[in-house]
Amino acid sequence: MDARLERAFAAIDAVNADDPNTLLVRGQTRPKEQAHAELACEWVERLAPDAPDALRVAARAHHVQRWTIPRSEYPAGRSGYLRWRKSLQKHHGRIVREILTDQAWPTDEIDAVVALVTKRTLGRAPDAQTLEDAICLVFVETQLTDLSVRLDADHMVDVLRKTMKKMSARAIELAAALPQEEADRALISRAVASLE
């Protein structure tokens, strides 16, 4: 990794280190969004080893400072959820733009990162799909078990089906191959079958 990318990652990691929410990943308790960012970068590396810097930075910043805009500040239901997501995307875009501007990144590269983080190119650009795949894989890898404790099996299959509809075929295969508890593997299998 070149020095410019290292500096960008370090700045994003420093911001995400303040996340009061934690996550146990590979035996280590970490700030949630910092851990998610690192895992998203790992998935991007696996999905697209020749990924451009803009995609790598977008993976690192995809949920930068997410905890500062709680879901509880928006109305319940789908419309409230969508408004919250839109606010988050704008927030993530603004934060990463500030970080990269402070580091004198070229405007066109900053714009590319922001377009990915705010999902403006989703459905139209391969890099946007790679980022979406990485984010979905992080969800399956880190949140599936905890969520399945709170939701019944049919609801979980619906959540996974909706997640997998956003994923490429290759990413779905990778998700199905993740080491999971038997119950979680069964949920993934049901969700995959429901897509066919």
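This next bit is on the environment of I172. Tracing the backbone through its elements, the reader meets I172 in helix α8 (residues 169-177). Judged by its relative accessible area of 15%, I172 is buried. In the structure, I172 is positioned 56 residues away from L116 in sequence and 21 Å away in space, judged by C-alpha atoms. Those residues in contact with I172 that lie beyond four places of it in its chain are M164, M167, V192 and L195.

Right, let's get into helix α1 (residues 3-16). A rise of 1.5 Å per residue sets the reference length of α1, with its 14 residues, at 20 Å; its end C-alpha atoms lie 20 Å apart and thus fit the reference within 8%. Residues of α1 that are buried include every one of L5, A8, F9, I12, D13, V15 and N16, and no others. Down the axis of α1, the buried set is contained in an arc of 160°. They therefore lie on one face. Where α1 is buried, its residues touch β2 (28-31), α2 (32-47), α3 (53-61) and α4 (78-102). The N-cap of α1, judged by a side-chain oxygen 3.3 Å from the amide nitrogen of R4 a few residues on, is D2.

Below, the discussion takes up the confidence of the model for the protein chain. In this model, the protein chain carries an average pLDDT of 94, and 100% of its residues clear a pLDDT of 70 or more. In the model of the protein chain, helix α9 (residues 182-195) stands out as the element of lowest mean pLDDT, 89, in contrast to α3, which has the highest, 98.

Moving on to the side chain of H63. Structurally, H63 can be placed in the loop between α3 and α4. A polar contact of 2.8 Å, which involves the side chain of H63, links it to the side chain of R66. Excluding residues that lie within four positions of it along the chain, H63 makes contacts with N16, E33 and H92.

What counts, and at which threshold
Residues numbered from 1 in each chain as written. Predicted model: local features only at pLDDT ≥ 70, side-chain atom pairs only at ≥ 80, totals over all residues. Heavy atoms only, no water. Helix = DSSP H or I, 4+ residues; strand = E, 2+ residues; numbered from the N terminus. Buried < 20%, exposed > 50% of the residue type's maximum accessible area, 1.4 Å probe, protein only. Contact = heavy atoms within 4.5 Å. Expected span 1.5 Å × (residues − 1). Arc of directions from axis to C-beta. Polar contact = N/O pair within 3.5 Å; in protein donor to acceptor, adjacent residues only side chain to side chain. pLDDT = per-residue confidence, 0-100.

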